[in-house]
Amino acid sequence: MPFPEIPRRVKIGDAAAFAGTTPRAIRHYHAIGLLAEPERGGDDRRRYGYDDMIRLLWIRKMADAGISLDDIHAAFKDATAIEQSLARLEESLATKAAAIEAQRVAVNRLREVGSPLGLLSPLVTGRLRALPPGALRSADLDTLLVTERVFGPLGAAIQANRFIVLATHPELRAEEDRLAEAEATLDDTMSPDDPRIEDLAAQRCDHETALAATGERSGLDEALDVLLDQEDEHAGEEGDGARTSVLEAIGKMPYDFSPARVRYEERVIELLHSVEQDSDTDTRTSRPAPAPGTSRTRAARSRAARA
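What you see is a predicted model; the values in this text were computed from it and never measured.

> Sorry, what's going on with the pattern of salt bridges here?
Any two side chains of opposite charge can pair, so long as their charged atoms come close to each other. Going through the model one piece at a time under the given rule, you end up with 22 salt bridges. A salt bridge links R46 to E37; the nearest nitrogen and oxygen atoms lie 3.0 Å apart. A residue is classified by how much of its surface remains accessible, and R46, at 16% relative accessible area, is buried. Residue classification places E37 among the partly exposed positions, given a relative accessible area of 45%.

This is the structure we're talking about:
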């Protein structure tokens, strides 16, 4: 059987089709010096021969393996350069594989837990997933999202105590709603020196104290102690590069607070700090020393409670 006509040289379109690329890519290889531009025929079109096609096929093989064009260029000049390129490529692929695995885990958690709770860290999700549907409000999840950004998953898991108590104690949720409605009146029409601010701040302090006491009676603090112990065991393992500090968050996370509302928030923090100090003093003078985790739980909770 006779052979079909075998060309001695081919046009760029045929070269691209055989190599599994495009004429545009081949022209780019010419532009960066990766593939020598062949002589043109009488019709002023490029014609590619056997050696050109061999080079082009190797370029495509290396590019398909993920090797950059710069590294391919270096590899043609020095065979040892490809080893360095492959080492970098392997490291990059390992990083991408870890990111893909993290995404896969996140998708599975979303399918299992649901959105938006499933978008929070597993540490937070694990503490809240036992609550009945609808027990958590959208604003609760918004707050946890911000806290996780500022304090990390552990801070948000600590703050989750508050929302567990609110979801399981209707009377405390009702008081929370009442206070939130009153706080909404602290607008720009109110002076920061208005005596109502002090009264409302005291009510909020009493409410936060009641929430904390209810959580402690419910055994939630014991779960927090376990989390804090785990944090000690894995201290330094989690990078902080993606997290912002509290001071940075104050300057970058917008809250439409009037001067009166800012003064109110300051007074709430001052009052809570005073209550915490009094509690520590009473504990030291009237009772044996608390378990190792208890004081740490109280301190961590106070940091996250009003985040």
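> Explain the packing of helix α8 (residues 170-183) against helix α9 (residues 195-217) to me, please; I cannot follow it from the model alone.
A pair of packed helices is characterised by two quantities: the angle between their axes and the separation of those axes. In contact at an axis separation of 11 Å, α8 and α9 are set at 155 degrees when each is read in the N-to-C sense. One finds that α8 runs roughly antiparallel with respect to α9. By crossing handedness, the relation of α8 to α9 is classed as left-handed. Judged by residue contacts, L172, E175, E176, R178, L179, A180, A182 and E183 of α8 engage L200, Q203, R204, H207, E208, A210, L211 and T214 from α9. Here the residues of the contact of α8 with α9 are counted per class, giving seven nonpolar, three polar and six charged.

> Just checking my understanding: could you explain unusual backbone geometry for this structure?
Excluding glycine, a negative phi dihedral is what most residues carry, and trans is how most peptide bonds are arranged. Phi is positive for D44, which is not a glycine, with a value near 65 degrees. Considering the arrangement of structural elements, one finds D44 in the loop between α2 (23-31) and α3 (50-64).

> Would you take a moment to explain the side chain of T214 for this structure?
Mapped onto the secondary structure, T214 falls in helix α9. Taking the relative accessible area as the measure of exposure, T214 reaches 8% and is therefore buried. In contact with T214, not counting residues within four places along its chain, are V165, H169 and L172.

> Could you clarify how one ought to interpret a nonpolar patch on the surface in this entry?
A surface patch of nonpolar side chains, amounting to about 340 Å² of accessible area, comprises M253, Y255, F257 and V262. Following the sequence through the fold, V262 ends up in helix α12 (residues 259-286). Judged by relative accessible area, V262 falls into the partly exposed class, the value being 36%.

The rules behind each value
- Residues numbered from 1 in each chain as written.
- Predicted model: local features only at pLDDT ≥ 70, side-chain atom pairs only at ≥ 80, totals over all residues.
- Heavy atoms only, no water.
- Salt bridge = Lys/Arg side-chain N within 4 Å of Asp/Glu carboxyl O.
- Buried < 20%, exposed > 50% of the residue type's maximum accessible area, 1.4 Å probe, protein only.
- Axes fitted to C-alpha atoms, helices over the stretch in contact; angles between N-to-C directions.
- Helix = DSSP H or I, 4+ residues; strand = E, 2+ residues; numbered from the N terminus.
- Parallel < 35°, antiparallel > 145°, perpendicular 65-115°, else oblique.
- Left-handed = near helix turned anticlockwise from the far one by under 90°.
- Contact = heavy atoms within 4.5 Å.
- Nonpolar A, V, L, I, M, F, W, Y, C, P; charged D, E, K, R; others polar.
- Patch = residues over 30% accessible without salt bridge, like charges linked within 9 Å, V, L, I, M, F, W, Y side chains within 5 Å.
- Areas by Shrake-Rupley, 256 points an atom, 1.4 Å probe, with all protein chains shown as cover.

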